[in-house]
Amino acid sequence: MMNFNPADQIQDLQYFGEFGGVNPSISDSSTYTFLAAKSMIDTFEGNLEGCYLYSRHMSPSNLYLGQALAAMEGTEAANVSASGMGSISSVLLQLCAQGDHIVSSRTIYGGTYAFLKNFTPKFGIATSFVDITDLQKVKDSIQENTKIIYCESISNPLLEIADIRELGRIAKKHDLKLVVDNTFSPLQISPAILGADIVIHSLTKFINGTSDTVGGAICGTNEFIESLRNVNDGASMLLGPVMDSLRSASIMKNLRTLHIRMKKHSENAMFLAQRFQSDGYKVIYPGLKSHPQYELYTALYNEEYGFGGMLTLDAGSLEKADELMELMQKRNLGYLAVSLGFYKTLFNAPGTATSSEIPAEEQQKMGLTDGLIRFSIGLDNNIVRTYEEMKKCLEEVDIMLKVS
């Protein structure tokens, strides 16, 4: 990946608005006119480029954002949607049919887990949930009807690292598609460059960065993206998870500062992780050498953008976790809220929040404890001050669990 810099790919894109504006003009239309009836027919049949039909299919604003995201991930094309789940569900239903099988990481976003565990079986699609860090278990789970290996670059919420290179080789050997959710690690990891076939993002999080918009993205080959948009059998077209053009334009503007924000998120998270670990607290962060996959991460990442803004700290119990989070919010250190990528720190206990869809027994098997707090570290200017205030909260709540 030494010759691929995702932020440079975004910077090299240049668009002009209708009147020469430095931002592309927003297309505030649901439908588009044709000067000739045949052009409409050709567009419906997919034989005419450069024409827009209906915004559920495509709009100029969504096209611009898709091009920028494809450039960032190093794919031929991208399609944006109204939410991350809109992207995830569209990809999985596009690739799978009745009787097919998916091998998925067991540590994934709760909504994705629920979709695979509870929803896709209605359509005859089965899923095997495995420890994605154990490549032999991945291989052993592949069946004759398997179509997809699904994982997250950095898993939600345990921050496990997927060996995308090796998973890509396994997928290719068995003629499968490797689908990677890269929401936790935009710019830091480039899954398509490492061997993924399709890269998914929840644009709601780091990419947008202001917690005011919900959105998703699918990055892949021209052929696959066009199949999603097909008016006859395309999941993105027929399920209708279309992104509003105004929201698309807003995310496009925020995308321009992603590289600056990710560097600061990573810098702040690394500082806190190192300090908390030094203090003796149970911290998980990919940038700590104590992380079991530290070496793997450093072999995969784009070094300039660091180890990301996500870390976890184990408070020992749900009661202690709740008490700590409420106190930190009261002290203006962040918000007790789901999601991530905001300029302020966000924290929640995922076992009862973002991963609550995963049954308790499964949470225990994967190591998701009741007291685990997931932090999305913000863009604090004075991270030393933040650490000192957080340390006071930890001591006041009496979070005394030490690393053994």
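Structure first, text after, so check above.
These remarks concern the structure in this document. Remember, it's a predicted structure, so these values are computed and weren't measured experimentally.

**Concerning helix α9 (residues 222-229)**
Consideration 1: Listing the buried residues of α9 in full gives Phe224, Ile225, Leu228 and Arg229. Angularly, the buried residues of α9 cover 140° about the axis, an arc narrow enough to put them on a single face.
Consideration 2: For α9, the secondary structure elements touched by its buried residues are β1 (77-81), α4 (84-95), β6 (198-202), β7 (216-220) and α10 (235-239).

**Topic: the pairing of strand β2 (residues 101-105)**
Consideration 1: For β2, the buried fraction is high: five of the five residues fall into the buried class.
Consideration 2: Of the two faces of β2, both are covered, the one formed by His101, Val103 and Ser105 as well as the one formed by Ile102 and Ser104.
Consideration 3: Two elements, β2 and strand β3 (residues 126-130), share five bridges in a ladder whose sense is parallel. Residue pairing across strands places Ser104 opposite Phe129, the latter belonging to β3.

**Looking at the pattern of salt bridges**
Consideration 1: Per the stated rule, a full pass over the model turns up nine salt bridges.
Consideration 2: For the salt bridge of Asp279 with Lys391, the shortest nitrogen-to-oxygen distance reads 3.6 Å. With Asp279 in helix α12 (residues 258-279) and Lys391 in helix α16 (residues 383-397), this residue pair connects regions lying 112 residues apart in the sequence.
Consideration 3: A relative accessible area of 22% places Asp279 in the partly exposed class.
Consideration 4: When the shortest N-O distance is used, the salt bridge between Glu395 and Lys391 registers 3.4 Å. In this pair, Glu395 and Lys391 are both assigned in helix α16, four residues apart and thus about one turn of the helix distant.
Consideration 5: For Glu395, a relative accessible area of 47% gives the class partly exposed.
Consideration 6: Ionic contacts of the salt-bridge type, sharing partners, join the residues Asp279, Lys391 and Glu395 into one network.

Reading the values: rules and limits
Residues numbered from 1 in each chain as written. Predicted model: local features only at pLDDT ≥ 70, side-chain atom pairs only at ≥ 80, totals over all residues. Heavy atoms only, no water. Buried < 20%, exposed > 50% of the residue type's maximum accessible area, 1.4 Å probe, protein only. Helix = DSSP H or I, 4+ residues; strand = E, 2+ residues; numbered from the N terminus. Arc of directions from axis to C-beta. Contact = heavy atoms within 4.5 Å. Pairing = 2+ DSSP bridges. Salt bridge = Lys/Arg side-chain N within 4 Å of Asp/Glu carboxyl O.

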